[in-house]
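The lines below spell out each chain.
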Amino acid sequence: MIRLALMFLMLAGPAFAIADPAEALKDPKQEARAVEIGQQLRCLVCQNESIEDSGADLARDLRHIVRTQVSEGKSDQEIIGWLVARYGEFVRLRPPFNWGTALLWASPIIALLAGLFAAFSLRRKAPAQAAPLTAAERKRLESLIGS
Amino acid sequence: MNRRLLLAVPLVAAGAAGVGFWSMLNGMREGKFDPRGVPSMLIDKPMPDFTLAGFTAADVRAAGRPIVINFFASWCVPCIEEAPTLLALARAGVPLWGIAYKDKPAATDAFLTRHGNPFAKLARDEPGTVAIDWGVTGVPETYLIDKSGIVRWRFSGPMPEGAAQFLAEKLRA
């Protein structure tokens, strides 16, 4: 019994906010496209969720708009462009590459280069040669090792 | 590489980050910077066309003077907070037009009776589609439209004293 319940739990797919099946498009292909587009769009209310994941009212309205435009046969770019025209680039969860975001996109490379540079400059510094032991030191060492 | 220089690099970086954070926090305190703010795409652009029960974009343009448009809702708590500010603006002669966002007409009317009605004209956007065209992310949101129908200024959230003063001054000029 428990095994069966666990099996059903594992079968449960990722929980999207569109709990209401009436929201989904009838054509599964179109619905999949709508989900894919919606996942790239930021919910303006919760801000770190996509409109596909958010339960906010505005997110639901935007999901509806995305689905309407998908069923009208608009391209992904047209649909995302429609939202960017209203809410700005911020509505994209994945920022486009341009001069304003160049530093953002380049930051992993910059971090890697900085790390390599630091590692290299530390390695290049050869360890200083230890001065040879003085006669007194050698004597004390011998007495310590007890030979 | 000079050891002293190697030590200075992280110190300078930490100092710069500190100054950046300080100015950010200071801006948040003074209300000039909102980390969650979404900049309006409409500034210095014509207002989006719309037709609502109450008034239309053409009515705003036909007013022949700058108009302040306020998106609000009866279910919105910050709108209650903003109500006295709007009433004061209306008393000062600022032409305020209201758009009720995703609100039942009866609820809107009850809200305006209870908290005072600062609006010379009232439109109803029950499905909330006009608000999306304007890029409204939440209520209240306030827009200043100049007499040729260009959006000149937007404030998201309940207007503090300073914003209301700024708006009144901008309209007097």
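Residues numbered from 1 in each chain as written. Chains lettered and ligands numbered in written order. Predicted model: local features only at pLDDT ≥ 70, side-chain atom pairs only at ≥ 80, totals over all residues.

## Re the packing of helix H2 (residues 28-38) of chain A against helix H3 (residues 57-71) of chain A
When two helices pack together, their arrangement is captured by the angle between the axes and the distance separating the axes.
All names here are of chain A.
Argument step 1. The contact between H2 and H3 brings their axes to 9 Å, and the two run at 135°. What the angle tells us is that H2 and H3 run oblique. Handedness of the H2/H3 crossing: right-handed. Of H3, the residues touching H2 (which contributes Gln-30, Arg-33, Ala-34, Ile-37 and Gly-38) are Arg-63, Val-66, Arg-67, Val-70 and Ser-71. (Axes fitted to C-alpha atoms, helices over the stretch in contact; angles between N-to-C directions. Helix = DSSP H or I, 4+ residues; strand = E, 2+ residues; numbered from the N terminus. Parallel < 35°, antiparallel > 145°, perpendicular 65-115°, else oblique. Left-handed = near helix turned anticlockwise from the far one by under 90°. Contact = placed C-beta atoms within 7 Å.)

## As for the interface of chain B and chain A
Argument step 1. Chain B puts 12 residues into the contact, and the matching count from chain A is 12 residues.
Argument step 2. A breakdown of the residues in the side of chain B that touches chain A according to their chemical character gives five nonpolar, four polar and three charged. (Nonpolar A, V, L, I, M, F, W, Y, C, P; charged D, E, K, R; others polar.)

## Here's the deal with the domain arrangement of chain B
It is common to give the size of an interface as the accessible area lost on bringing the parts into contact.
Argument step 1. You can read the domains of chain B as domain 1 (1-35) and domain 2 (57-172).
Argument step 2. Placing the centre of domain 1 of chain B and that of domain 2 of chain B at their C-alpha centroids yields a distance of 38 Å. (Domains from an automatic or database assignment.)

## Comments concerning the pairing of strand E2 (residues 96-101) of chain B
Residue and element names in this part refer to chain B.
Argument step 1. With six of six residues buried, E2 lies mostly within the body of the structure.
Argument step 2. With burial as the criterion, each face of E2 is covered, one bearing Leu-96, Gly-98 and Ala-100 and the other bearing Trp-97, Ile-99 and Tyr-101.
Argument step 3. Here five bridges tie strand E1 (residues 67-72) to E2, and the two strands are oriented parallel to one another. In the strand pairing of E2, Asn-70 is matched with Gly-98. (Buried ≥ 20, exposed ≤ 12 C-beta atoms within 10 Å, placed from the backbone. Pairing = 2+ DSSP bridges.)

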